[in-house]
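This is what each chain is made of:
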Amino acid sequence: MVQVEIMPSVQEAQKRLEEYRLRMHHALVVGKDNQVVAQLPSGRSFGLPMYLDRRWDYSRALVVQAGRTVIRADVFHIPSVDEDFWEAVVWGLLYRLQRFPRFFTDGAGGSAPSDPDALNGVRMAPLSALRAASCTLEEDRPEVSWTKYLPAPVNQQFSGVVYARWKSRVQWGQRWVDLEAFSWQMKTWDGRQVKLSRPVFPYRGDLIAPLQEVKQALGMQ
């Protein structure tokens, strides 16, 4: 479950983050009093104020403050969700929020990101931008239909279509790399698995990635 709260001011967002921290500490599990932390288990950093709740064996809560917004991402069955995937979802949300400078400023100040395409110093861009460098892109994103019935008081059935997966192959000459949505790995034509500094995630019909790292893997200048 993901929620994004847009607060009236940066100061109110800071207060909301502190409220979440206090709630976590007020419900500490016996023997797990060091499991509310301000760092990611991966060792990476959003470069933003955050708290991670790891008190429970089967659930996690991650709260991040960006400007006057507060992102909360909860996982309720952690054995079925990889923590890297969970973290990648939050990175993707931060990228989306940075497209809107008004979410970072208020009447009392605050400042929008100097580079909305950068995630804590790493510039991100759509893979489709590589077409201008004579690369070709092949995408694999099969669709799956879903239906959900909500009982009273709604009494309504909802349906839609989602992607079962989203993979892209970027080819430059005889070289290629494979990337997948919410993955931190990039597979190359010569059998390597290259670790990315930021995850791949979808945005507006494209996959966003640390493009310079993709170009380096392809041997492009």
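Residues numbered from 1 in each chain as written. Predicted model: local features only at pLDDT ≥ 70, side-chain atom pairs only at ≥ 80, totals over all residues. Heavy atoms only, no water.

(A) Representation of the overall build of the protein within the structure. Check the secondary structure of the protein and you find 3 helices and 17 strands. Its C-alpha atoms put the protein at 55 × 45 × 40 Å along the principal axes. Taken over 221 residues, the protein has a buried fraction of 39%. Only carbon and sulfur atoms are counted for the fraction: they give 49% of the accessible area of the protein, which is about 12200 Å². (Helix = DSSP H or I, 4+ residues; strand = E, 2+ residues; numbered from the N terminus. Buried < 20%, exposed > 50% of the residue type's maximum accessible area, 1.4 Å probe, protein only. Areas by Shrake-Rupley, 256 points an atom, 1.4 Å probe, with all protein chains shown as cover.)

(B) Looking closely at the pattern of salt bridges. Summed over the entire model, instances satisfying the criterion amount to 18 salt bridges. For E83, the salt bridge is made with R54, and the minimal N-O distance between the two is 2.8 Å. Note that E83 is positioned in helix α2 (residues 83–97) and R54 in the loop between β3 (50–53) and β4 (60–66), a separation of 29 residues in sequence. Given a relative accessible area of 23%, R54 falls into the partly exposed group. Among the ionic pairs, R60 bridges to E83, the shortest N-O distance being 3.2 Å. Taken together, the positions of R60 in strand β4 and E83 in helix α2 put the pair 23 residues apart, joining distant regions of the chain. (Salt bridge = Lys/Arg side-chain N within 4 Å of Asp/Glu carboxyl O.)

(C) Spatial organisation of the packing of aromatic side chains. If you walk through the whole model with that rule in mind, you get 6 aromatic pairs. Centre to centre, the rings of F46 and W91 are 4.6 Å apart; their planes meet at 55°, and the pair counts as tilted. Separated by 45 residues along the polypeptide, F46 in the loop between β2 (36–37) and β3 and W91 in helix α2 bring together distant segments of the chain. Accessibility expressed as a relative area gives 0% for W91, which makes it buried. Measuring from ring centre to ring centre gives 5.5 Å for Y95 and Y203, while their planes differ by 80°; the resulting arrangement is edge-to-face. (Phe/Tyr/Trp six-rings, centres within 6.5 Å; stacked < 30°, edge-to-face > 60°.)

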